[in-house]
Amino acid sequence: MNRITWPLVELTSKLLERNEREAVLGDLLETSESAWKGFLDVFGLVFRRKADLWKDPRPWFTGFIVTLPGSYLLMSASLSVSCTYQRLVNHKVFGAKWPTGDEGYLLLLCHIFLLIAWSWSGGYIVGSVSRRTLWASAALSVFPSSYLCCMVPSEFSSRACLFLFLLPAVFGVRLGFRNARISLRLASLLALTITVLMISAWSSRALWILNWVLVLPAWYLVAAAWRSAQNGQPGLWPIRRIRTS
Amino acid sequence: MLGEFEYILITVSAGLGENAYGVAIREEIEAATERKCAMGALYTTIDRLERKGLLKTWMGEATPQRGGRSKRMVRVTVQGIRAAEEFYNTVARISRGASWVESPIGRIS
């Protein structure tokens, strides 16, 4: 192993689990293979390990069923909230492309709450269901932004308004990743509140029909919390971090 | 039933006994099959066999020639021996009467 390639091998091996990394690097040193061959060996193993993760349906579910459509809808909702805010506070109207209706401050608050709750619950699912392919979900969430960036009204000085959902979503992902369990009471309260607020917004014609998809993660949380309670693992109020194996 | 490579790995590991670990298994496989054995194939198969309960692995001693890094030791379990035996018997049974068994190419020529 030469001085240039060995750090590359070590860097690649960091993608392996600790014990496996130890064994693999030891094997390479023992056999004194050529540096390039050693790198290819480690890279091949890492590739197989990462590819193995995709044999499970969960990464596909979180990536293509939750993250991709979810991030598109959440970006649209972020933009809609920004437009409503601009209309109410700065008296700017953005025309037919982003009609903000006759929503008042109450509906704006309702939308803001919904945006936070949708983002948080969606993020929680992505973080908890498929931890080891989080990088793929994160990459997929970027795709809709390239399309939606073109739809931001030119009056907006920044495209940041598309990413209002990001902070609660990251918070949700972080909590889900740590395997924090939500109590059935909190999950039910959250899902019910979201549903009631959505019905109220819908009756005021202030909701896009596809936004109803965003209520599903909250009800998924209820089902997961209920299942945990059935298995004798009731979550504490509001949440409890449990040990991961 | 086992796959071909799984059978080879179990047989080689059983033959190496207490000395079965990554490098030794790989060298034995390469010598027996006269083909290169990729590290990725070796370790993913070991993992798969361990998940099936056919192998048991643990981290062994660290040696200076390995830069102070531990070996991943392998032991074939009783289920592993049974699975290998079943594979061998099946191949032997199915091969009875096959032309290359009755008159191998080497003997014909």
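All residue numbers refer to position in the chain's written sequence, counted from 1. Written order decides the labels, with chains lettered from A and ligands numbered from 1. Two thresholds apply to this predicted model, a pLDDT of at least 70 for residue-level local features and 80 or more for giving and counting side-chain atom pairs, whereas whole-chain, interface and lining totals are computed over all residues. Excluded from the side-chain calculations are hydrogens and water; all other atoms, namely the structure's heavy atoms, are used.

## Digging into the overall build of chain A
Strands here are runs of E lasting at least two residues and helices are runs of H or I lasting at least four, both read from the DSSP assignment and numbered beginning at the N terminus. Within chain A, the secondary structure is distributed over 9 helices and 2 strands. Listing the helices and strands of chain A from first to last along the sequence gives α-α-α-α-α-α-α-β-α-α-β. Buried, partly exposed and exposed residues are distinguished by accessible area as a fraction of the type maximum, computed with a 1.4 Å probe on protein chains only: under 20%, between the cut-offs, and over 50%, respectively. In chain A, buried positions account for 46% of the 245 residues. Residue pairs in contact within chain A that sit at least 24 positions apart in sequence constitute 78% of those at least 6 positions apart. When the accessible surface of chain A is split by element, carbon and sulfur atoms take 65% of a total near 13700 Å². Note on contacts: a residue pair is in contact if any heavy atoms of the two residues lie within 4.5 Å. Computed with the Shrake-Rupley method and a 1.4 Å probe, the accessible areas treat only the protein chains shown as cover for residues.

## Considering the interface of chain A and chain B
One widely used convention gives an interface's size as the accessible area the parts lose upon coming together. Every contact between the two is made by 21 residues of chain A and, on the other side, 21 residues of chain B. Carbon and sulfur atoms supply 54% of the area that chain A and chain B bury against each other, a total of about 1800 Å² over both sides. When two components associate, each loses some accessible surface as probed by a 1.4 Å sphere; the sum of these losses over both components is called the buried area. It is A:Glu22, A:Asp27 and A:Glu30 in chain A that bury the most area against chain B; as a group they hold 31% of the surface buried on that side. When a carboxyl oxygen of Asp or Glu is within 4 Å of a side-chain nitrogen of Lys or Arg, the pair counts as a salt bridge. Between A:Glu30 and B:Arg66 there is a salt bridge; the shortest N-O distance is 2.8 Å.

## Observations concerning the packing of aromatic side chains
The aromatic pairing rule takes the rings of Phe, Tyr and Trp, using the six-membered ring of Trp, and pairs them if the centres are within 6.5 Å, calling planes under 30 degrees apart stacked, those over 60 edge-to-face and the rest tilted. Across all of its chains, the model carries 7 aromatic pairs over all chains by this definition. Residues B:Tyr7 and B:Phe87 carry aromatic rings whose centres are separated by 4.6 Å and whose planes lie at 25° to one another, so their mutual orientation is stacked. In this pair, B:Tyr7 sits in helix 1 (residues 4-16) while B:Phe87 sits in helix 4 (residues 78-95), placing the two residues 80 residues apart along the sequence. For the pair B:Tyr7 and B:Phe87, one class covers both residues: buried. One aromatic cluster is present, built from ring pairs that chain together A:Trp36, A:Phe39 and A:Phe43.

## Observations regarding the nonpolar core
Residues enter a nonpolar core if they are buried and are Ala, Val, Leu, Ile, Met, Phe, Trp, Tyr or Cys, with the set joined through side-chain atoms within 4.5 Å. The biggest cluster of nonpolar side chains holds 42 residues, and the ones touching the most others in it are A:Trp118, A:Trp120, A:Ile194, A:Met198 and A:Leu221. Of all the secondary-structure elements, those providing two or more residues to this core are helix 4 (57-90), helix 5 (105-129), helix 7 (166-177), strand 1 (180-182), helix 8 (184-203) and helix 9 (216-230) of chain A. By residue number, the principal contributor to this core is helix 5 of chain A, which donates 12 residues. Discounting residues that sit within four places of it in the chain, A:Leu221 has contacts with A:Trp120, A:Ser121, A:Tyr124, A:Ile125, A:Ile182, A:Ala187 and A:Leu190. A:Leu28, B:Ala20, B:Tyr43 and B:Leu54 belong to the second-largest nonpolar core, a separate cluster that totals 38 residues.

## Re the confidence of the model for chain A
The score called pLDDT rates the predictor's confidence residue by residue, from a low of 0 to a high of 100. In this model, chain A carries an average pLDDT of 83, and 85% of its residues clear a pLDDT of 70 or more. When pLDDT is averaged over each element of chain A, helix 2 (residues 18-31) of chain A comes out on top at 91 and strand 2 (residues 239-241) of chain A at the bottom at 50.

## Section: the side chain of A:Ser128
Take A:Ser128: it is sitting in helix 5. Excluding its chain neighbours within four sequence positions, the residues that come into contact with A:Ser128 are A:Gly176 and A:Phe177.

## Notes on the pattern of salt bridges
Evaluated as defined, the whole model comprises 17 salt bridges over all chains. Here A:Asp56 ties to A:Arg58 by a salt bridge, and the two come within 3.1 Å at their closest N and O atoms. On the basis of relative accessible area, A:Asp56 is assigned to the partly exposed category, the value being 27%. Judged by relative accessible area, which is 45%, A:Arg58 ranks as partly exposed. Because the salt bridges share partners, they merge into one network encompassing A:Glu20, A:Arg49, B:Asp47, B:Glu50 and B:Arg72.

## Details of the pairing of strand 1 (residues 55-63) of chain B
The side chains of a regular strand alternate between both faces of the sheet. Residues and elements named next belong to chain B. In this scheme, strands are said to pair when DSSP sees at least two bridges between them. As paired elements, strand 1 and strand 2 (residues 69-76) share 7 bridges and run antiparallel to each other. Across the sheet, Ala 62 pairs through a bridge with Ser 70, a residue of strand 2. Turn length for the strand 1-strand 2 hairpin, with the two strands adjacent in sequence and antiparallel, is 5 residues, and the turn residue Gly 67 shows positive phi of about 65°.

## Things to note about unusual backbone geometry
All names here are of chain B. Phi at Glu 34 takes a positive value of approximately 55°, unusual for a residue other than glycine. Positionally, Glu 34 belongs in the loop between helix 2 (22-33) and helix 3 (39-51). According to the relative accessible area criterion, Glu 34 is exposed, its value standing at 72%.

## What to know about the confidence of the model for chain B
The predicted coordinates should not be examined in detail at positions where pLDDT is low. Taken over all residues, the pLDDT of chain B has a mean of 92, while the share at 70 or more is 95%. For this predicted complex, the interface score ipTM comes out at 0.85, while the overall pTM is 0.73.

## Topic: the packing of helix 1 (residues 5-13) of chain A against helix 3 (residues 35-53) of chain A
Each pair of packed helices can be described by the angle between their axes along with the distance between the axes. All names here are of chain A. Axis definition: a line fitted to C-alpha atoms, limited for helices to the stretch in contact. Angles are taken between N-to-C directions and run from 0 to 180 degrees. Between helix 1 and helix 3, whose axes approach to 9 Å, the crossing angle comes to 10°. Classified by the angle their axes make, helix 1 and helix 3 are roughly parallel. Here Thr 5, Leu 8, Val 9, Thr 12 and Ser 13 of helix 1 lie close against helix 3, whose contacting residues are Ala 35, Trp 36, Gly 38, Phe 39, Val 42, Phe 43 and Val 46. For the contact of helix 1 with helix 3, the class distribution of residues is 8 nonpolar, 4 polar and no charged. Here the angle decides the label: under 35 degrees means roughly parallel, over 145 means roughly antiparallel, 65 to 115 means roughly perpendicular, and every other value means oblique. Charged means Asp, Glu, Lys or Arg here, nonpolar means Ala, Val, Leu, Ile, Met, Phe, Trp, Tyr, Cys or Pro, and polar covers whatever is left, Gly included.

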